[in-house]
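Fold and geometry: a report
Now for the letters of each chain:
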Amino acid sequence: MDHTQSFRVAVIGAGPRGLSVVDRLLTNRRASAQRLPLRIELIDPFTPGPGHVWRTNQSRLFLMNTPALFPTVVPAGDTVRDLLPSPAGLSFNQWRELMGAGTRAAEGLSDGDRRELASLGPADFPSRPLYGRYLEWTYDQLRKTAADDGVELVHRRTEALGISREADGRLVIELEGQQVLAAEAAVLALGHLPALLSPEQARLQDAAERHGLTYLPPAVPADVDFSRLPAGEPVLVRGLGLNFFDVMAAATVGRGGRYVSTGQPAGRALRYEPSGREPQLIAASRRGTPYRAKARLDSYVPRGIRLRWLTREAALAFRADGTQPGFDHDLWPLMHRDAVWAYYSTLARVAPEELNGSAAEFLDRLDAALNLPGPEWDAAKEAVLDSCVPSHRRTNLEALAQPLGRRPFKGANEADNAVLAYLEGDAAGSAAGENDPLKMLIGALNAGRSVLKAVVADGGLVEASWLTELRGWFEPLVEGLASGPPPERIEQLAALVRAGLVHFVGPDPRFDVDEARGVFTASSPWVGTEYAASTLMEAMMPPNRVDRTVSPLLAGLIRDGLARPKVMMSADGTPVLTPGLDVTLPPYRAVGVSGEPVNNLFVLGLQLSSVQWGTAIAAEAGAPASEGSRTLQDADDIAAALLAAAASAAESGPRRGRASGTDDAGRSAVPMVSP
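This text gives an overview of the structure that appears in the document. (Residues numbered from 1 in each chain as written. Predicted model: local features only at pLDDT ≥ 70, side-chain atom pairs only at ≥ 80, totals over all residues. Heavy atoms only, no water.)

Here we take up the nonpolar core. With 53 residues, the main nonpolar core has Leu331, Tyr344, Phe362, Leu366, Leu452, Leu470 and Phe474 as its most contacted residues. Of all the secondary-structure elements, those providing two or more residues to this core are α7 (312-320), α8 (327-350), α9 (359-370), α10 (376-388), α13 (437-456) and α14 (463-482). With sequence-adjacent residues up to four places away left out, Phe474 is seen in contact with Phe327, Trp332, Met335, Leu452, Glu469 and Trp613. Leu19, Trp54, Tyr134 and Leu153 belong to the second-largest nonpolar core, a separate cluster that totals 52 residues. (Core = buried A, V, L, I, M, F, W, Y, C linked by side-chain atoms within 4.5 Å. Buried < 20%, exposed > 50% of the residue type's maximum accessible area, 1.4 Å probe, protein only. Helix = DSSP H or I, 4+ residues; strand = E, 2+ residues; numbered from the N terminus. Contact = heavy atoms within 4.5 Å.)

Below, the discussion takes up the packing of helix α12 (residues 412-432) against helix α15 (residues 487-498). Put simply, α12 and α15 touch, their axes get as near as 9 Å, and they point 150 degrees apart. Considering the angle they form, α12 stands roughly antiparallel to α15. Seen from above, α12 lies across α15 with left-handed handedness. Contacts from Asp416, Leu420, Leu423, Glu424, Asp426, Ala427 and Ser430 in α12 reach Pro487, Ile490, Glu491, Leu493, Ala494, Val497 and Arg498 in α15. Class assignment for the residues of the contact of α12 with α15 results in 8 nonpolar, 1 polar and 5 charged. (Axes fitted to C-alpha atoms, helices over the stretch in contact; angles between N-to-C directions. Parallel < 35°, antiparallel > 145°, perpendicular 65-115°, else oblique. Left-handed = near helix turned anticlockwise from the far one by under 90°. Nonpolar A, V, L, I, M, F, W, Y, C, P; charged D, E, K, R; others polar.)

Okay, the packing of aromatic side chains next. Two descriptors summarise a pair of aromatic rings, namely the distance from one centre to the other and the angle between the planes of the rings. In total, this model carries 20 aromatic pairs according to the counting rule given. Ring centres of Phe92 and Tyr134 lie 5.5 Å apart, and the angle between their planes is 90 degrees; this geometry places the pair in the edge-to-face category. With Phe92 in helix α2 (residues 92-100) and Tyr134 in helix α4 (residues 128-148), this pair connects stretches of sequence that are 42 residues apart. As far as burial versus exposure is concerned, Phe92 and Tyr134 are alike and both buried. Among the aromatic side chains, those forming a connected cluster through ring pairs are Trp54, Phe92, Trp95, Tyr131 and Tyr134. Over the ring of Trp341 we find Arg308; its NZ or CZ atom is 4.7 Å from the centre of that ring. (Phe/Tyr/Trp six-rings, centres within 6.5 Å; stacked < 30°, edge-to-face > 60°. Lys NZ or Arg CZ within 6 Å of the ring centre and 35° of its normal.)

On to the sheet that holds strand β17 (residues 530-533). Read across the sheet, 3 strands follow the order β15-β16-β17 without closing on themselves; strand pairing throughout is antiparallel. On the outer flanks of this sheet lie β15 (510-514) and β17, each paired with one strand and no other. Averaged over all pairs of adjacent strands, the angle between their axes in this sheet comes to 30 degrees, without regard to strand direction. Inspection of the sheet shows β15 paired to strand β16 (residues 519-523) by 5 bridges, in the antiparallel sense. Along β16, the bridge assignment pairs Arg510 with Ser523. Set on the sheet, helix α5 (residues 199-211) makes contact with β15 and β16; between it and β15 the angle comes to about 30 degrees. (Pairing = 2+ DSSP bridges.)

With that settled, the discussion passes to the pairing of strand β20 (residues 575-581). Direction of pairing for strand β19 (residues 565-569) relative to β20: antiparallel, over a ladder of 4 bridges. Within β20, the residue paired with Pro565 across the bridge is Leu581. Here β19 folds back onto β20, and the loop between the two strands holds 5 residues, one of which, Gly573, carries a positive phi near 85 degrees.

Here α10 contains 13 residues, and its C-alpha end-to-end distance of 19 Å stays within 8% of the 18 Å for a straight helix at 1.5 Å per residue. Trp377, Lys381, Val384, Leu385 and Cys388 are the residues of α10 that are buried. In a view along the axis of α10, the buried residues occupy a sector of 95 degrees, so they form one face of it. Summarising the geometry of α10, the exposed residues directed more than 90 degrees from the buried face are Ala379 and Asp386. Buried residues in α10 make contact with α8 and α9. (Expected span 1.5 Å × (residues − 1). Arc of directions from axis to C-beta.)

As structure tokens, then:
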């Protein structure tokens with residue numbers, strides 16, 4: 001390749017992470033003294049920006065679970081201290097403000113977009129199609145910037161089916177329609193991919209085919225045909241996470257029902273008026289309750305939260321000393337202290353009359369206990385709480401992980417009433433915001449989660465601890481507490497329970513098939529009631545596991561040895577196959593079956609789940625690049641490596657290569673000189 005030839009980069013996946021790669025390529029190239037010819041091929045069957053998950057034609061009933069002030073696909077706010085600012089992009093909230101200002105930039109919005117924007121504040125939760133519109137707008141700005149800067153930016157509305165390497169190291173990408181595309185490098189920004197069903201799910205699907213039942217497997221909510229849920233009949237729903245609330249919205253308001261204000265306090269603020277076309281949802285999850293709602297705040301982390309123990313400096317001290325920490329032994333005690341302080345300092349502020357003794361004395365004693373070194377702090381903390389805090393105001397880890405307790409219920413009504421009380425209390429807590437002790441505890445965990453992401457990445461945690469501690473018990477706990485839905489969803493669910501349209505199976509549910517009756521069943525050992533239905537829905541996304549993928553591209557890379565799943569060692573020395581790909585240190589290059597990196601094949605996003613934690617969370621506007629905006633840092637590192645490779649290729653002189661026509665197998669090759 002010489003200076004007249006474009007360095008060709010294929011970005012496979014044109015959703016948010018693919019956009020970030022394009023932005024960082026354009027940004028870093030513009031800042032470089034060498035404005036080398038560059039051609040970026042975006043490969044995605046969906047529209048660039050929204051991609052698959054954020055399509056603009058999906059229901060506006062589907063909400064994000066982060067407020068408008070949070071997400072971005074380009075550096076914004078204080079993040080530009082770490083990364084060069086984008087020449088074209090904005091954070092979602094900056095875009096919201098621009099669109100709301102009535103400028104010409106808003107001309108492409110639909111009437112639905114305009115109505116939503118008119119009532120959307122920075123702390124409100126946008127719909128997914130509106131976020132998709134932001135991503136679509138961002139791509140359009142990047143496309144214009146690329147054209148102005150002489151960069152070829154091409155979208156191939158097709159699917160990449162495979163990647164192979166030529167003798168000279170270039171990558172050949174097989175596309176649908178027996179076309180191929182040659183590139184000097186490729187970035188896998190794949191996002192959510194379809195996956196094999198688990199053995200239990202496959203058994204249920206097989207039963208559905210045999211008995212004429214309806215089984216809806218894990219899926220992206222926008223892909224689901226909710227009209228298959230029968231009106232007036234029971235529907236078993238497995239999962240009470242974020243996808244459940246999409247099911248709930250589609251099956252209620254999406255069928256013509258409406259919520260009416262009752263004028264009562266939060267928790268009982270809504271009444272549901274049915275249309276008569278709703279199914280009856282029978283919901284179940286391991287805990288037996290849904291994720292806790294986000295608090296109503298004007299910031300992502302409560303402004304009153306300041307981490308005192310799990311500081312970045314304290315957490316990174318292990319790495320500075322050349323040691324790998326364990327989660328339970330080294331990091332959780334610090335995070336636990338911050339969570340305890342957040343809860344009880346808030347309690348002392350909002351309800352000092354409930355304490356035994358003065359609030360100031362209590363906080364002094366608690367502070368002294370939490371600052372004790374080693375394991376002594378926990379027993380000292382318990383002694384302070386025993387003497388100062390009445391039992392009904394105490395909280396503990398077990399109670400948070402098992403909100404219904406490990407106790408039997410007398411029947412379905414008692415179980416429903418227990419969950420309803422949980423919902424009403426959670427909605428009231430969300431409305432109280434920074435004045436609710438539990439929501440402040442969750443806020444501390446959320447703040448600590450950002451620090452953890454930076455600390456445990458790239459081998460920063462002992463592998464056995466990663467497997468059994470961080471991913472084993474802590475991840476389910478913190479997701480159920482800090483990754484919940486918008487607060488209005490819990491308020492709405494409580495109204496549906498009171499209206500008799502939602503029931504709960506109970507903790508530790510079992511789903512089965514009654515072969516004699518030809519129905520699905522669901523029951524809990526803690527409740528004893530068995531529910532039966534002809535429809536069963538998995539309210540969850542396909543699992544993010546590369547070893548279970550049915551993506552022809554990713555499965556082919558693993559089969560052909562250009563990539564491999566990462567293996568970690570458990571505490572007893574047993575190798576464990578992890579969900580993500582094996583990659584190098586940043587910039588993340590795929591590691592092949594031989595153990596050698598594929599230098600021109602990069603990975604970004606969900607498939608990094610074995611070297612990063614929390615890969616599904618979007619980049620946080622204004623957050624440090626190494627923490628909340630880590631995805632942007634990763635995209636920036638990859639862009640820098642790509643541009644360095646382009647400079648090196650330019651210096652090495654021209655390379656012979658096929659530009660168009662057919663490949664050696666007679667397949668049609670995509671022209672490389674025009675879109």
